[in-house]
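# Chains, contacts and geometry: an overview
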Amino acid sequence: MDCCGKTEETNKEIIKEQTGTEKNPVEKEHNHGCCGNGTRDMLLHLLIMMVVFLIISYVLRS
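Residues numbered from 1 in each chain as written. Predicted model: local features only at pLDDT ≥ 70, side-chain atom pairs only at ≥ 80, totals over all residues. Heavy atoms only, no water.

## Here we look at the overall build of the chain
Keep this limit in mind: By the criteria applied, helices consist of DSSP H or I runs no shorter than four residues and strands consist of E runs no shorter than two, each listed in order from the N terminus. Relative accessible area decides the class of each residue, using a 1.4 Å probe on protein chains only: under 20% of the type maximum gives buried, over 50% gives exposed, and in between gives partly exposed. Areas reported as accessible are Shrake-Rupley estimates using a 1.4 Å probe. Residue values count occlusion only from the protein chains shown.
Looking only at helices and strands, one finds two helices and zero strands in the chain. In the chain, which comprises 62 residues, the share counted as buried stands at 2%. For the chain, the exposed area adds up to about 6,000 Å²; of that, 62% sits on carbon and sulfur atoms.

This is the structure:
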């Protein structure tokens, strides 16, 4: 099951993943930000980075 509750992999794919016998793991699609959470996570990341930048610039200005 993925994070949305959908079953997308067969048992053979799961076994290949667990045993490491998959020939090209790069081909496997990784769905970052499942179910539309990617935009929210990216905005949160940008907000945190801006806050860190402001703190660093404030400290260096003093």
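Further notes follow.
## Comments concerning the pattern of salt bridges
Between side chains of opposite charge, a pair can form when the charged atoms approach closely. For clarity, the threshold we go by: Salt bridges, as used here, are contacts in which a Lys or Arg side-chain nitrogen is within 4 Å of a carboxyl oxygen on Asp or Glu.
Tallying each qualifying case throughout the model produces one salt bridge. For Asp-41, the salt bridge goes to Arg-40, with nearest N and O atoms at 3.9 Å. Assessed through its relative accessible area of 39%, Asp-41 is described here as partly exposed. Exposure remark for Arg-40: the relative accessible area of 54% places this residue in the exposed category.

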